[in-house]
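What follows is each chain in one-letter form.
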Amino acid sequence: MTMVVPGSAQVAMGKKIIGWTAIVAWCAAIAGAGYAFSTFRTDRARVLGWFTDPDVLLATRVSMVVAVLLWLVLFVDAWRLGSPVRLTFVRAAVVTVVNLAIIGSVAGSTAFASQLIQVQRNVVKTVFPETEVTPPLAGRFNILLLGSDARADRTGVRPDSMTVLSIDADTGKSVMVSLPRNLENVPFRKDSPLAAVYPYGYNCGDECLLNAVHTMAQDRKDLYPDSKDPGLDATIDAIEGATDLTINYYIMVNLNGFKGLVDAVGGVEMDVKTRIAMFGHDDAYKNVYIEPGRQKLDGQEALWYARSRVQSDDYARMGRQKCLMAAMADQLSPAKVLTNATKIASSGKQLLSTNIPQTELGRFADLALKARGKQIRTVSIVPPQFNTQTPDFDAIHAAIKTAIDESEGDAAKPAAGGGTGSTTGTPTTPTPTTPTTQSPTEGRAANNAEDLQTAC
């Protein structure tokens, strides 16, 4: 009786004050849950936002612990009211064992839920400290995904992977734009401090690659006086100029920490197209490979799948990285995330840095659920379609706009991002691109006019 309706056992045994107090509280809780369900059942983003609000999480944890402690008191009192000492030994033993089992299961599940809530709260407070919110631009969010290869033996941060994820703010339809680290002559957006320093783009020779912008600008407090990370802000300015998309938020992923995330969720299943070396150019003696075929990769293997350059090039690697991100998005079910929450949280705090504010987490969690299972279109700034030494940025802008229009199925929709007005001029009218015959993933990155699921 206490399991089904807390307090009903006390009422049945004449303890009406305690019993009816518990029953009223139980009914009020059910009524509150029913009201919340009927009111917010269509507003998934708000509900998800509650689960990422530190204050709500703390209040939930405290309320849950108090409620369960009171419930456990009712269980013990119900066991006492049953007078097990007046029963035969066998019956008393059965009643006691069942009651202890119920108390243990309730206490154990509460402890587990309380730990999950605390883990979630710590992650949100640690990883998402920012507060500034930016609205969607032309109905889309543009999020810059950066893979950092920072190590003790390296000077500065040279982003190892640069991808702009453009997401429809309503439907979750997504376009991924991959930029190679060796892209040259990149223009900075018009209002960037570096536009005056490099009016014709970042064109100081073969060393002035896109991934070198961060190191170049890291100590330029004179150009970015209010910036916490001038190198990152300069990189965003360069990518906005290269893509003609205004960036809402960034997510910096530590690639060495990425393997911890993959291990935390039990690996990621990939269709490996060709043999991939798990060693660098200077370590060929190791002779360790990821063999072709459908298989589950652990964290170390997933990291090499994304980063290997041996018998490969930057463009093939870009394609593999996009396939890996798509596989992770598709395979990370809510159940898998829940059952591995503590491990994911531990890896997440070392893995991510971002300026996405806590208040936007509910919206992006909702968009992530909408995006799962949808086609992800892709644009890759790679040869032979685009020359990375002397790029035609008008053509790049046009190709990105075409991919976004095709993703939406509406060629008349305004360009996402509103344009940054880069030094290369106004984008031309987009024309459909012609896919090449090269392999989109293991040979070259996926082509502009195809969806990512098909390419991988």
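Residues numbered from 1 in each chain as written. Predicted model: local features only at pLDDT ≥ 70, side-chain atom pairs only at ≥ 80, totals over all residues. Heavy atoms only, no water.

Undergrad: What am I meant to see in the overall build of the protein chain here?
TA: Tallying secondary structure elements over the protein chain gives 16 helices and eleven strands in all. Buried positions account for 45% of the 456 residues belonging to the protein chain. Here the protein chain has roughly 22,100 Å² of accessible surface; of this, 60% comes from carbon and sulfur atoms. (Helix = DSSP H or I, 4+ residues; strand = E, 2+ residues; numbered from the N terminus. Buried < 20%, exposed > 50% of the residue type's maximum accessible area, 1.4 Å probe, protein only. Areas by Shrake-Rupley, 256 points an atom, 1.4 Å probe, with all protein chains shown as cover.)

Undergrad: Teacher, can you tell me more about the environment of N99 here?
TA: Relative to the assigned elements, N99 resides in helix 5 (residues 89-127). A residue is classified by how much of its surface remains accessible, and N99, at 12% relative accessible area, is buried. The sequence separation of N99 and F75 amounts to 24 residues, and the corresponding C-alpha distance is 7.3 Å.

Undergrad: How do you make sense of unusual backbone geometry when you look at a structure like this?
TA: Among all residues except glycine, the phi angle is most often negative; among peptide bonds, the trans geometry is most common. Omega for the bond connecting P383 with P384 falls within 30 degrees of zero, at 0°, which places this linkage in the cis form. As for its placement among the helices and strands, P384 is situated in the loop between strand 10 (376-380) and helix 15 (393-408). The residue N185 is not glycine, and still its phi comes out positive at about 55°.

Undergrad: Would you take a moment to explain the packing of aromatic side chains for this structure?
TA: Within a pair of aromatic rings, the relevant descriptors are the distance that separates the centres and the angle that separates the planes. Under the criterion given, the structure shown has nine aromatic pairs. Their ring planes at 80° and their centres at 5.0 Å tell us that F40 and W50 sit as a pair that is edge-to-face. Taken together, the residues F40 in helix 2 (residues 16-40) and W50 in helix 3 (residues 44-50) connect sequence positions ten residues apart. Each ring, one from Y249 and one from F364, has its centre 5.9 Å from the other, and the planes form 85°; the classification is edge-to-face. On the criterion of sequence distance, the pair formed by Y249 in strand 4 (residues 249-254) and F364 in helix 14 (residues 361-371) is long-range, its members being 115 residues apart. According to the relative accessible area criterion, F364 is buried, its value standing at 12%. (Phe/Tyr/Trp six-rings, centres within 6.5 Å; stacked < 30°, edge-to-face > 60°.)

Undergrad: What's the story with the layout of surface pockets in this structure? I'm lost.
TA: Gaps between atoms show up when a probe of the same size as a water molecule is rolled over them. Of the voids in this model, the second largest pocket is the one considered here, and its volume is about 760 Å³. Along the wall of the second largest pocket there are 24 residues; nearest its centre are E132, D233, I236, Y250 and N355. Elements supplying a minimum of two residues to the lining of the second largest pocket: helix 8 (230-243) and strand 4. No other element matches helix 8, which puts five residues into the lining of the second largest pocket. Per-class residue counts for the lining of the second largest pocket are eight nonpolar, six polar and ten charged. (1 Å grid on protein atoms, 1.4 Å probe; cavity = no way out; pocket = protein on both sides within 12 Å on 5 of 7 lines; lining within 4 Å. Points joined across faces, edges and corners; volume = space filled by probe spheres on them. Nonpolar A, V, L, I, M, F, W, Y, C, P; charged D, E, K, R; others polar.)

Undergrad: Would you explain the packing of helix 4 (residues 54-81) against helix 5 in this entry?
TA: Contact geometry of helix 4 with helix 5 gives a least axis separation of 10 Å together with a crossing angle of 170°. With respect to helix 5, the axis of helix 4 lies roughly antiparallel. Tallied by class, residues from the contact of helix 4 with helix 5 come to 19 nonpolar, seven polar and three charged. (Axes fitted to C-alpha atoms, helices over the stretch in contact; angles between N-to-C directions. Parallel < 35°, antiparallel > 145°, perpendicular 65-115°, else oblique.)

Undergrad: What is the right way to look at a nonpolar patch on the surface in this model?
TA: A surface patch of nonpolar side chains, about 340 Å² in accessible area, is lined by L58, V62, V66 and L70. Positionally, V62 belongs in helix 4. (Patch = residues over 30% accessible without salt bridge, like charges linked within 9 Å, V, L, I, M, F, W, Y side chains within 5 Å. Salt bridge = Lys/Arg side-chain N within 4 Å of Asp/Glu carboxyl O.)

Undergrad: Please clarify how empty space enclosed by the protein should be interpreted in this entry.
TA: By the definition in use, this model includes one cavity of 30 Å³ or more. By volume, the largest cavity is sized at about 90 Å³. Every residue lining the largest cavity is counted, 13 residues in all, and those nearest its centre are D160, S161, L179, M318 and Q321. Where the lining of the largest cavity is concerned, the elements lending two or more residues are strand 2 (159-168), strand 3 (174-179) and helix 11 (314-331).

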